[in-house]
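Examining the three-dimensional arrangement
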Amino acid sequence: MTAAQRPPAPDAVVVGAGLAGLACALDLSRAGLRVALLEASDQVGGRMRTDRRDGFLLDRGFQVFNTSYPQVRRRLDLKALRLRPFTPGLIAHTSDGPVRLADPTRRPGSAGELLPGRALPARDLAALAGLVAYDTLLPAGAVKRRADRTTSAALDAAGLSRRTIDELLRPFLAGVFLEDRLETSARFFHLVLRSMGRGTLCLPADGIGAVPAQLAAALPPGVLRLETPVGSLTTTGVVLADGTELLAGAVVVATDGATAARLLPGLPAPQTRAVTTYYHAADAAPIAEPTLVTDSALTVLNTCVLTEVAPSYAPPGTALVSTSVLGGDRPDVAARVRRRLAELYRTDTSGWQQIAAYTIDGALPAMPPPWPLSRTTRTASGHYVCGDHRATGSVQGALASGTRAARELLTDHPAAHRSAALTAR
Ligand SMILES: Cc1cc2nc3c(=O)[nH]c(=O)nc-3n(C[C@H](O)[C@H](O)[C@H](O)COP(=O)(O)OP(=O)(O)OC[C@H]3O[C@@H](n4cnc5c(N)ncnc54)[C@H](O)[C@@H]3O)c2cc1C
């Protein structure tokens, strides 16, 4: 190819097609820039991917989709995702047996299960209702402006009893933070409570990977380049892992935090949390409802029958059970999980077939207090960096960080923006 035939260098290269990179590339493209979105793997989505295997949909680590996130409402066609809801609330296995924690405003028939003396003592019920009301009803800005502390300190300050924290809240929140000491930023905890109070937890019928797939489908043709890992950055662009140099007006690093720290020397690598999700196939669903089940013994973080949420997760006549544990897949864990599932579901699990186990080492950034909920994406080297590690470890955080990168880049390079717009006319 001669120099004249070579396509012009992109105005911006975005490295990584997870949610942050997709949001960034979409906004830059919509602003008229020529964008190259370079993704190392064979698909978009990063930590939000779904494998299809033998008729099963296997999300790469169990996660739920929340409809109330502002970025989700702004960017996604929820109807096209064919969302299948979980029941509001959960079943918490405590040392005294299972209790249902339901939101009585959404599940009127279950209001009695939250009466004082059943799931919660009256004082705890009032404290929890106060927390939920404060976080749900106040503007998000008020939640964000609060001084930060650990979630554990925030729960103590709210007046909740040790028993309610340990038996009900810790097991649930450990599944959200992927740590069970509740040392995660209370600011993030309040935002989680807010999103749960305002939205619905659900799963797309085609698996969690349908979310990034929908974003990718909105990219202009030719923007996305799969199986194109970036090896390093230069002052004028990027060098691909195969040594090819790609010139670009600006570079946005939208990878996970560890890779971002390698590509951008000087950027600290965030601590991360690991989780393992086990998938078991059973002949029949051990519980006939789309409900999350938690475990106060913390042997497992949470479990649910995915096919009760969305039957499309398994071939007809098979139930798919998802169960997550903190950390990696050590040899003894799988057997312990199976035994615990027998207790939680009160059924014989010896015939269940383990069809997959996914360990995600850098599943979430650790978010100790004080945790800035959003950070500039500008770096000292003139490149940009975005991703959940620059905001919050969540779908909302990743999308918001990608949005911010595009906004800051467009502010810093108005000429590229203008000339691209003129070319497009
Ligand atoms: C098991 C699990 C459960 C979760 N549960 C929830 C939940 O219930 N609710 C919620 O809101 N959030 C949840 N999350 C968090 C949410 O999925 C993440 O915060 C979000 O997907 C992160 O997106 P990202 O774009 O920042 O990063 P990533 O998804 O990590 O994307 C980075 C991309 O960069 C690519 N890349 C890396 N290196 C290179 C390179 N050198 N060159 C080119 N490309 C590269 C990667 O392949 C990847 O596609 C969960 C995450 C996990 C793993």
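Bear in mind the structure is a predicted one, so any value in this text is a computation, not a measurement. (Residues numbered from 1 in each chain as written. Predicted model: local features only at pLDDT ≥ 70, side-chain atom pairs only at ≥ 80, totals over all residues. Heavy atoms only, no water.)

1. As for the pattern of salt bridges
All chains considered together, the criterion is met by 22 salt bridges. Ionic pairing is found between arginine 34 and aspartate 11, a salt bridge with its closest N-O pair at 3.5 Å. Taken together, the positions of arginine 34 in the loop between helix H1 (19-30) and strand E2 (35-38) and aspartate 11 in the segment before strand E1 (12-15) put the pair 23 residues apart, joining distant regions of the chain. Beyond isolated ion pairs, a larger network of salt bridges with shared partners links Asp156, Arg162, Asp166 and Arg170. (Salt bridge = Lys/Arg side-chain N within 4 Å of Asp/Glu carboxyl O. Helix = DSSP H or I, 4+ residues; strand = E, 2+ residues; numbered from the N terminus.)

2. A word on helix H7 (residues 186-198)
If you check H7, its first and last C-alpha atoms are 18 Å apart, about what 13 residues at 1.5 Å a residue would give, namely 18 Å. Taking burial as the measure, the 13 residues of H7 include ten buried ones, the bulk of the element. Residues of H7 that are buried: Ala186, Arg187, Phe188, Phe189, His190, Leu191, Val192, Leu193, Arg194 and Ser195. On its buried face, H7 is in contact with strand E5 (65-66), helix H3 (122-137), helix H4 (140-145), helix H5 (151-157) and helix H6 (162-177). Taking the backbone nitrogen of arginine 187 as reference, a side-chain oxygen 3.1 Å away marks serine 185 as the first, capping residue of H7. (Expected span 1.5 Å × (residues − 1). Buried < 20%, exposed > 50% of the residue type's maximum accessible area, 1.4 Å probe, protein only. Contact = heavy atoms within 4.5 Å. Polar contact = N/O pair within 3.5 Å; in protein donor to acceptor, adjacent residues only side chain to side chain.)

3. With respect to the sheet that holds E2
Through backbone hydrogen bonds, the strands of a sheet pair up, either in parallel or in antiparallel fashion. Strand order in the open sheet formed by five strands is E10-E2-E1-E14-E20, with parallel pairing between adjacent strands. In the strand order of this sheet, the two ends are held by strand E10 (224-225) and strand E20 (384-385), each with one partner. Here four bridges tie E1 to E2, and the two strands are oriented parallel to one another. Pairing of alanine 12 across the sheet is with valine 35, part of E2. (Pairing = 2+ DSSP bridges.)

4. A short note on the site of the ligand
Taken together, the neighbourhood of the ligand is formed by 34 residues, with Ala20, Glu39, Arg47, Asp388 and Val395 sitting nearest. Within the backbone of valine 230, an N or O atom sits 2.9 Å from a nitrogen atom of the ligand. Take the shell around the ligand: its biggest share by element is three residues, from strand E19 (residues 353-365). Residues that form the shell around the ligand fall into these classes: 19 nonpolar, eleven polar and four charged. (Near = heavy atom within 4 Å. Nonpolar A, V, L, I, M, F, W, Y, C, P; charged D, E, K, R; others polar.)

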